[in-house]
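Listed here are the chains, written in short residue letters.
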Amino acid sequence: MESAKYVSQKVSKARWRPVSSSFLQQPEIFATGSWDNEENKISIWSVGNYENSGLEDGFEGDPQLICENKHDGDVLGLQFLDQERIVTASSTGAVTIFRHHHNSQTISVSQQWVKAHHYPCDNAPCTAVVCSSPEIITVGEDGRIIVLRADQDCMAQVIENADSSTIHAVTYLRTTEILTVNSIGQIKLWDLRQQSNSASQILSLSGDRVPLYCIDRHPNQQHIVATGGQDGMLCMWDVRQGSMPSSLMEAHSAEMWEVHFHPTNPDHLFTCSEDGSLLHWETSSHSDMPSFLQGNRNSSVTSRSAMALAGGNQSLISAWLNGDSSKSRLETTHMLPSQTLSVNSLDVLGQCLVCGTDGEAIFINKQVPV
């Protein structure tokens, strides 16, 4: 089931609220942030089965706005810290923790670092945030990496001159290690225990120094990392091997804004782009799959069976690093009707996918084939 909600603002970020450990639970709450509007907002939505679904504000399962709050500057990063708190990165350089009050269904600012990112005489946009409660890590156009802790006002750690160019995205590699990507096509690995201003490892695209805008790491095989950037290519890296990408795949015809492995079924990956498309990538080896499954590409059985018959994850995962679409090891599916405006953000959890666009629309798909 897919639904679209028009929200009268350009949506820059969309994220599902984490679900409790109950494995079968599907997410119901998500947050969005806006950009390039006269007044930007952070909004909380529900796709739960509301009793009032017969009302004129939408069908059962359509996103319902629960609450919102104004946000100073463009929302450039957004992550849930826990079930109640959401962290945003702003074009003003600020990092803000919002609290969603479940009882009153309101949202308010609970903590803020106003000029976390800055130049000597001006604010610098905070471009991305990643959280592992209570830790919050932010990066910015000023080339700084900042480690914050919720409920502590002071900054826990600052890497002042981490980069001479803009850092566009950050993710955890392990508990004490992070990966960043920058505007000259580099991935940098940082060990936060070393309190050093220099990266412990640098990987880079050869040649043109194409800016990288997004990064995600494989949830089970942490050495496998996916990035995307200005040229729309999907790059797969093995951070244990060398300093160049293991494979490059033509994905989009314009900038790739986000890339996400499915958190529990990482033989599925999703990308979105300025070109208005959202792609679902799936690794599978048809030769390892019984013929009665081969025609059933949209079944959740397919990927799991392929994985079991391929002897666990290993041969499937190598398909990411090989980029082997020539042998049908990699399938791509367009997830949206033909779009014209940028798809800025996506998130996937369980069988639910949400994305936000410059067409002032949120799209929800609650039957993602994973």
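Residues numbered from 1 in each chain as written. Predicted model: local features only at pLDDT ≥ 70, side-chain atom pairs only at ≥ 80, totals over all residues. Heavy atoms only, no water.

**Here's the deal with the overall build of the protein**
Note the following rule: Helical segments are the DSSP runs of H or I of at least four residues, strand segments are the runs of E of at least two, and each set is numbered from the N terminus. Using a 1.4 Å probe on the protein chains alone, a residue whose accessible area is under 20% of its type maximum counts as buried, one over 50% counts as exposed, and one in between counts as partly exposed. In what follows, residue pairs with any heavy atoms lying within 4.5 Å of each other are defined as contacts. In short, Shrake-Rupley with a 1.4 Å probe defines the accessible areas, and a residue's cover is counted only from the protein chains shown.
From N to C terminus, the protein includes three helices and 28 strands. Scored against the burial criterion, the 370 residues of the protein give a buried share of 56%. Across the protein, contacts joining residues at least 24 apart in sequence account for 51% of those joining residues at least 6 apart. Roughly 15600 Å² of accessible area belongs to the protein as shown, and the carbon and sulfur atoms make up 45% of that amount.

**Quick word on the confidence of the model for the protein**
The line we're drawing: For every residue, the predictor assigns a confidence score, pLDDT, that lies between 0 and 100.
Residues with a pLDDT of 70 or more make up 84% of the protein, whose mean pLDDT is 86. Note on residues 50-58: pLDDT under 50 across the span, and eight contacts to partners over four residues away in sequence or across chains. A low-confidence stretch, residues 285-317 (pLDDT under 50), is modelled with 47 contacts involving residues beyond four sequence positions or located in other chains.

**Things to note about the sheet that holds strand β16 (residues 186-191)**
Across a sheet, paired strands are connected by hydrogen bonds in the backbone, their directions being either parallel or antiparallel. Rule in force here: Strands qualify as paired when DSSP identifies two bridges or more between them. Helix axes use the C-alpha atoms of the stretch in contact, all axes being lines fitted to C-alpha atoms, and the angles between their N-to-C directions lie in the range 0 to 180 degrees.
Reading across the sheet, the four strands line up as β14-β15-β16-β17 and stay open at both edges, with antiparallel pairing between neighbours. Two strands in the sheet have a free side with no partner beyond their single neighbour: β14 (167-174) and β17 (201-204). Pairs of neighbouring strands in the sheet enclose a mean axial angle of 20°, with direction left out of account. Pairing of β14 with strand β15 (residues 177-182), which is carried by six bridges, proceeds in the antiparallel orientation.

**Focus on the sheet that holds strand β6 (residues 75-80)**
Spatially, the four strands line up as an open sheet ordered β6-β7-β8-β9, and their pairing is antiparallel. Each edge of the sheet is formed by a strand with only one pairing partner; in this case those strands are β6 and β9 (106-113). Averaged over all pairs of adjacent strands, the angle between strand axes in this sheet comes to 25°, irrespective of strand direction. Pairing analysis gives five bridges linking β6 to strand β7 (residues 85-90), with the strands arranged antiparallel. The residue of β7 that forms the bridge with Val75 is Ser90.

**Comments concerning empty space enclosed by the protein**
The following threshold applies: A cavity here means a set of 1 Å grid points, computed over protein atoms only, where a 1.4 Å probe fits but cannot escape. A pocket is an open set with protein on both sides within 12 Å along at least 5 of 7 lines, and lining residues have an atom within 4 Å of a point. Grid points are joined across faces, edges and corners, and a volume is the space filled by probe spheres set on the points. Nonpolar residues are Ala, Val, Leu, Ile, Met, Phe, Trp, Tyr, Cys and Pro. Charged residues are Asp, Glu, Lys and Arg, and all others, Gly as well, are polar.
Evaluation of the coordinates by the stated rule reveals one cavity of 30 Å³ or more. Lining the largest cavity are Glu2, Met335, Leu336, Leu353, Cys355, Phe363, Ile364 and Asn365. Contributions of two or more residues to the lining of the largest cavity are made by β27 (352-357) and β28 (361-365). Among the elements that line the lining of the largest cavity, the one with the most residues is β28, at three residues. Taken together, the residues of the lining of the largest cavity sort by class into six nonpolar, one polar and one charged.

**Section: the packing of aromatic side chains**
To keep things clear, this is the line we draw: A pair of aromatic rings is counted whenever rings of Phe, Tyr or Trp (Trp by its six-membered ring) have centres within 6.5 Å, and the orientation is called stacked for planes under 30 degrees apart, edge-to-face for over 60 and tilted otherwise.
Scanning the entire structure with this criterion turns up four aromatic pairs. Ring geometry for Phe30 and Trp45: centres 6.2 Å apart, planes at 10°, overall stacked. Residue Phe30 is found in strand β3 (residues 29-34), and its partner Trp45 is found in strand β4 (residues 40-46); the two are separated by 15 residues along the sequence. You'll find Phe30 and Trp45 in the same group, each marked buried.

**Quick word on the pattern of salt bridges**
Let me state the cut-off plainly: The term salt bridge refers to a side-chain nitrogen of Lys or Arg lying within 4 Å of a carboxyl oxygen of Asp or Glu.
Evaluation of the coordinates by the stated rule reveals twelve salt bridges. Of the charged contacts, one joins Lys13 and Glu258 as a salt bridge, the two residues approaching to 2.7 Å between their closest N and O atoms. Of the two residues, Lys13 sits in strand β2 (residues 11-16) while Glu258 sits in strand β22 (residues 256-261), which places them 245 residues apart along the sequence. On the accessibility criterion, Lys13 (13% relative accessible area) is buried. Residue Arg15 pairs with Glu258 through a salt bridge whose shortest N-O separation is 3.0 Å. Residue Arg15 is located in strand β2, and its partner Glu258 is located in strand β22; the two are separated by 243 residues in the primary sequence. For the pair Arg15 and Glu258, one class covers both residues: buried. The structure contains a network of salt bridges with shared partners spanning Lys13, Arg15 and Glu258.

**Digging into the environment of Gly242**
Mapped onto the secondary structure, Gly242 falls in the loop between β20 (233-238) and β21 (247-250). Sequence separation of Gly242 and Leu203 is 39 residues, and the distance between their C-alpha atoms is 7.7 Å. Discounting chain neighbours no more than four positions away, the residues touching Gly242 are Gln201 and Leu203.

**As for the side chain of Arg217**
We count it as follows: The convention is simple: Lys and Arg are positive, Asp and Glu are negative, and His and the chain ends are not counted. Think of a polar contact as two N or O atoms within 3.5 Å of one another; within protein, one of them needs to be a possible hydrogen donor and the other a possible acceptor, and neighboring residues in sequence only count if both atoms come from side chains.
Mapped onto the elements of the fold, Arg217 is located in strand β18 (residues 212-217). Lacking a salt bridge, the buried Arg217 has Asp216 as its closest oppositely charged neighbour, with an N-O distance of 6.6 Å. Separated by 3.0 Å, the side chain of Arg217 and the backbone oxygen of Tyr172 make a polar contact. A distance of 2.9 Å separates a polar atom in the side chain of Arg217 from the backbone oxygen of Leu173.

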